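Understanding the architecture of this molecule
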Amino acid sequence: MNFIYNILVHIAYGIIHFLSLFNQKLQLFIKGRKETFKKLSVIQSTDKTIWIHTASLGEFEQGRPIIESLKNTYPTHKIIVTFFSPSGYEIRKNYALADVICYLPFDTKKNMQNFVRAIQPELAIIVKYEFWPNLLSQLKKEGIKTILVSGIFREKQLFFKPYGKWMRSFLTAFDHLFVQNENSKKLLNTINYNNVTVSGDTRFDRVYEILQQDNTLDFINEFKYNTYTVVAGSTWKEGEELLVNYINEHASENEKFIIAPHTINSKKINELRNSILKKTILYSERNQVDLKEYQVFIIDTIGLLTKVYSYANAAYVGGGLLTGLHNILEPATFGIPVVFGGNNYTKFQEANDLIRLKGSKAITNQHEFNSIFTTLKQDVNVRTTMGKTCGDYVKNNTGATQLILNYINNLFQ
């Protein structure tokens, strides 16, 4: 099976390389990996290193509280952070607390031999669910302590199929798995993997810390002007169509909207702006106007959304309709109701929980979208109750980071 896998990996790389000729994101995927070993050349054989791998931006946010705690506790260690996806790397490539940030090489046997030997980490931390066979084999071969954090497992995964023995074998590379829920632990126990702790999700620690930072944005204060405001974050076209229809057809004059699209593309931003009939301004134009005179504010830049959520009375989070759901914990931590797409969210534990607790609402069509946002605007009691449920949920689920750090500290003693 290893032989077949390695052939398929090379074929897949060739296909991606070809497709990159026509796709900008895949161009970043290929080009970025050409720089990996050059970036790693700053690591010396005498350096003590800790390596954290995150697939994309969401997983980085899960790993971030661990990275920051490790940097504080072990300041002489060099921190290496890798990404699989350009969506994470391009946004966090200048993250200050990592000594090296680069792409994870494609999972060929030779790449992973060179990669692991180049960094020689005292500890490897993989976030959530990146199970690359050649990488895990090399970590085990080199005897490197390896843990999974914020892991989540489901019955449909290959590990738990009768024909999944080959993939199950790679789990032995992990010294310990910290998982998000009891069901993940039970599934691992069924395949005789018992070095498992239910720690919860480290993202709760990350988003709860946001409450302690200064979230002030003067230009948002000016725009909001003490008016009821909906923040729509990480939006995709399918969700924007519902939102724009609501703004055009149902929104009152004393109701404002801030939209932060997932993709910052000038053509798409202009299309979105032109579809809105209410007075609309872009972030890039904010210094030229009296912001309080506008009803819709489009954030055509990155890096502001978390602070923008602090000004919301209610939030819509993109994804969940046609794509995977984006981070609903960031708005939830501010104690506001969170609405998201209802077609593709069940893989996200926090979404299931907040639906069950009635702090969030999943929508699938225009009628449902209009109904919930009309209710949230008009009924302060509903809005307050849902918001409190969201805020309490985040606060009550913190603590995963400290549990994992206790384990790591014991390893280093």
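Residues numbered from 1 in each chain as written. Predicted model: local features only at pLDDT ≥ 70, side-chain atom pairs only at ≥ 80, totals over all residues. Heavy atoms only, no water.

Observations regarding the overall build of the chain
When its secondary structure is counted, the chain shows 19 helices and 14 strands. For 413 residues, the compact-globule estimate of 2.2 N^0.38 gives 22 Å, and the chain sits close to it at 22 Å. Expressed along its principal axes, the backbone C-alpha trace of the chain runs to roughly 65 × 45 × 45 Å. Across the 413 residues that make up the chain, the buried fraction comes to 52%. Restricting to contacts in the chain with at least 6 residues of sequence separation, those with at least 24 account for 66%. Just so you have it, the chain exposes about 19,300 Å², and 49% of that area is on carbon and sulfur atoms. Separation between the mean location of the 47 positive side-chain charges and that of the 37 negative ones in the chain comes to 6 Å. (Helix = DSSP H or I, 4+ residues; strand = E, 2+ residues; numbered from the N terminus. Rg over C-alpha atoms; globule rule 2.2 N^0.38 Å. Buried < 20%, exposed > 50% of the residue type's maximum accessible area, 1.4 Å probe, protein only. Contact = heavy atoms within 4.5 Å. Areas by Shrake-Rupley, 256 points an atom, 1.4 Å probe, with all protein chains shown as cover. Lys, Arg positive; Asp, Glu negative; His and termini not counted. Charge placed at Lys NZ, Arg CZ, Asp CG, Glu CD.)

Side note on the pattern of salt bridges
In this structure the tally under the stated criterion is 15 salt bridges. The closest approach of N and O atoms between Glu61 and Arg92, which form a salt bridge, is 3.2 Å. A residue pair is termed long-range when its members are at least 10 positions apart, and Glu61 in helix α4 (residues 57-73) and Arg92 in helix α5 (residues 86-92) qualify at 31 residues. Its salt-bridge partner being Lys145, residue Asp175 comes within 3.7 Å of it at the nearest N-O pair. With Asp175 in the loop between α8 (165-168) and β6 (176-179) and Lys145 in strand β5 (residues 145-151), the pair connects residues that are 30 residues apart, well separated along the chain. The exposure class of Asp175 is partly exposed, given its relative accessible area of 27%. Using a relative accessible area of 38% as the deciding quantity, one classes Lys145 as partly exposed. What you see here is one network of salt bridges that share partners, running through Glu61, Arg64, Glu68, Arg92 and Arg206. (Salt bridge = Lys/Arg side-chain N within 4 Å of Asp/Glu carboxyl O.)

Quick word on the side chain of Arg33
Structurally, Arg33 is set in helix α2 (residues 24-33). The buried charged residue Arg33 lacks any salt bridge partner; its closest oppositely charged side chain belongs to Glu130, at an N-O distance of 6.9 Å. Apart from residues no more than four positions distant in its own chain, Arg33 is found in contact with Phe83, Phe84, Tyr103, Leu104, Pro105 and Phe106.

Considering a nonpolar patch on the surface
A contiguous nonpolar surface patch, about 1,200 Å² in accessible area, is contributed by Met1, Phe3, Ile4, Ile7, Leu8, Ile11, Ile15, Phe18, Leu19, Leu21 and Phe22. Topologically, Phe22 is positioned in the loop between α1 (2-19) and α2. (Patch = residues over 30% accessible without salt bridge, like charges linked within 9 Å, V, L, I, M, F, W, Y side chains within 5 Å.)

Some words on the packing of aromatic side chains
This model, assessed by the stated rule, comprises 30 aromatic pairs. When the ring of Tyr5 is compared with that of Trp166, the centres are 5.6 Å apart and the planes differ by 50°; the resulting orientation is tilted. On the criterion of sequence distance, the pair formed by Tyr5 in helix α1 and Trp166 in helix α8 is long-range, its members being 161 residues apart. Accessibility expressed as a relative area gives 16% for Tyr5, which makes it buried. Three or more aromatic residues link up through ring pairs in this structure, and these residues are Tyr13, Phe29, Phe84, Phe106 and Trp132. The ring of Phe29 carries the charged tip of Arg33 above its face, separated from the ring centre by 3.8 Å. Taking the ring centre of Tyr228 as reference, the NZ or CZ of Lys377 above it sits at 5.6 Å. (Phe/Tyr/Trp six-rings, centres within 6.5 Å; stacked < 30°, edge-to-face > 60°. Lys NZ or Arg CZ within 6 Å of the ring centre and 35° of its normal.)

Focus: the pairing of strand β13 (residues 338-341)
Pairing of strand β12 (residues 314-317) with β13, which is carried by three bridges, proceeds in the parallel orientation. Note that in β13 the partner of Ala315 across the bridge is Val338. Here β13 runs beside strand β14 (residues 360-363); their pairing, made up of four bridges, is parallel. Counterpart to Val338 in the pairing with β14 is Ser360. On the question of chirality, the crossover connecting β13 to the parallel β14 by way of helix α16 (residues 349-357) is right-handed. (Pairing = 2+ DSSP bridges. Right-handed = clockwise from strand over helix to strand, strands pointing away.)

Considering the environment of Gln402
Position of Gln402 relative to the elements: it lies in helix α19 (residues 400-412). Classification of Gln402 as partly exposed rests on a relative accessible area of 47%. On a C-alpha basis, the gap between Gln402 and Val289 in space is 46 Å, while along the polypeptide they are 113 residues apart.

Digging into the side chain of Asn181
Relative to the helices and strands, Asn181 resides in the loop between β6 and α9 (182-190). On the accessibility criterion, Asn181 (13% relative accessible area) is buried. Engagement of the side chain of Asn181 in a polar contact is seen with the side chain of Ser184, the distance being 2.7 Å. Among the polar contacts listed, one links the side chain of Asn181 to the side chain of Gln349, at a separation of 3.0 Å. Ignoring any residue separated from it by four or fewer positions in sequence, one finds Asn181 in contact with Ile152, Val198 and Gln349. (Polar contact = N/O pair within 3.5 Å; in protein donor to acceptor, adjacent residues only side chain to side chain.)

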